[in-house]
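Chains, contacts and geometry: an overview
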Amino acid sequence: MKKRGKLKRQTVEIAVAGISAGLILLLLWLSVIVRYGTVSFYIAAAVVLMAPICKKYYWAAAFAYIAASLLAFAIVGDILQILGFVIYFGPMTFISTIMAEKNVKPYVTFPVKIVYINACLAALYYGSKTLFVDLSTLGIEINYAVIAIVGTIILLLLDTVMLMLYIRLKPIMDKAIKDTPKKKEKTEDDVFDFDNENASDSLNGAAIDTSESNERENDSDGGTHENVENSGSDVSDDDGKLN
């Protein structure tokens, strides 16, 4: 029974990994086609990546992220346009959700997230000049210090919203994906425990019946003794009267 349940879980996990990889690849491709909706497609891809993590299919989520990223590099053509998801949104989804699952304290999570956010912002700004959008389309040059401060605040707020969404997504995924058998067959150990419980219950019942019968016998013996004593007292009274 355990092997069957494990096989079913692995089958479901493989299916979820494939579906998640396909959806993430589609969203990354759309982020290149629709230039002004890049960040929204990154967020949608991160939500798709949360789906296997909700069920604790960690390797399936890792496969979906790696496969979608590699296929996106090979298909979409504009590699710089998807770096925002590959460098930040994908890994940050893992970091944030897993720390939430492990109940890591905020005084640990926030410094880790701030460091990672600033590392990603610096890599994107100095490495590709794209950040999460193409800065050249703004027509102005922004100091990196401003980008780091504003970007850190915005991304921390976005991460909080994503975690709230993750909490709401977990029960939905539990209802949508059933990876455990509905009915559990009785094993030999369960039957043995059940027989032991019945045996103990019968012994307890027998002990109770025995104690009740003893009490009844004691009551009957007490009644007999009382009757004998009463009869004895009556006889003595009658003898007194005769005398």
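Now for a look at the structure at hand. Each chain carries its own residue numbering, running from 1 in the written order of its sequence. Owing to the predicted nature of the model, reporting of local features is limited to residues with pLDDT of at least 70; listing and counting of side-chain atom pairs is limited to 80 or more, with chain, interface and lining totals taken over all residues. Water and hydrogen atoms play no part in the side-chain values, which are based on all heavy atoms of the structure.

Let us look at the packing of helix H4 (residues 83-101) against helix H5 (residues 106-127). The relative placement of two packed helices is expressed as an angle between their axes plus a distance between the axes. All axes here are fitted lines through C-alpha atoms, helices being fitted over the stretch that makes contact, and every angle between N-to-C directions spans 0 to 180 degrees. Here a strand is any run of E in DSSP of at least two residues, a helix any run of H or I of at least four, and the numbering for each starts at the N terminus. Interhelical geometry of H4 versus H5 gives an angle of 175 degrees and a closest axis separation of 10 Å. Relative to H5, the element H4 lies roughly antiparallel. For the pair H4 and H5, contact is made by Leu-83, Gly-84, Ile-87, Tyr-88, Pro-91, Met-92, Ile-95, Ser-96 and Met-99 and by Thr-109, Val-112, Lys-113, Tyr-116, Ile-117, Cys-120 and Leu-124, respectively. Ten residues, namely Ala, Val, Leu, Ile, Met, Phe, Trp, Tyr, Cys and Pro, are considered nonpolar, four, namely Asp, Glu, Lys and Arg, are considered charged, and the remaining ones, Gly among them, are considered polar. Of the residues in the contact of H4 with H5, the class split is 12 nonpolar, three polar and one charged. Note on terminology: angles under 35 degrees are roughly parallel, angles over 145 are roughly antiparallel, angles of 65 to 115 are roughly perpendicular, and the others are oblique. We call two residues in contact whenever any of their non-hydrogen atoms come within 4.5 Å of each other.

Moving on, we get to empty space enclosed by the protein. Think of a 1 Å grid over just the protein atoms. A cavity is a set of points where a 1.4 Å probe fits yet cannot get out, a pocket is an open set with protein on both sides within 12 Å along at least five of seven lines, and lining residues have an atom within 4 Å of a point. Grid points are joined across faces, edges and corners, and a volume is the space filled by probe spheres set on the points. Counted according to the given criterion, the structure contains two cavities of 30 Å³ or more. One number sums up the size of the largest cavity: a volume of about 110 Å³. Surrounding the largest cavity, 13 residues form its lining, Phe-89, Met-92, Thr-93, Asp-159 and Met-162 being those nearest its centre. Elements supplying a minimum of two residues to the lining of the largest cavity: helix H2 (38-54), H4 and helix H6 (144-176). Examining the composition of the lining of the largest cavity, we find that six residues originate from one element, H4, more than from any other. Classifying every residue of the lining of the largest cavity gives nine nonpolar, three polar and one charged.

Once that is clear, we can look at H2. Under the convention used throughout, the expected extent of a helix is 1.5 Å for every residue step, that is, one less than its residue count. The end-to-end C-alpha distance of H2 is 25 Å, a good match for the 24 Å that 17 residues give at a rise of 1.5 Å each. With 12 of its 17 residues buried, H2 lies for the most part within the structure. Accessibility here uses a 1.4 Å probe with only protein chains present; expressed as a share of the type maximum, an area under 20% marks a residue as buried, one over 50% as exposed, and anything in between as partly exposed. Listed as buried for H2 are Thr-38, Phe-41, Tyr-42, Ala-45, Ala-46, Val-48, Leu-49, Met-50, Ala-51, Pro-52, Ile-53 and Cys-54. Just downstream of H2 lies Lys-56, where phi reads positive at about 65 degrees.

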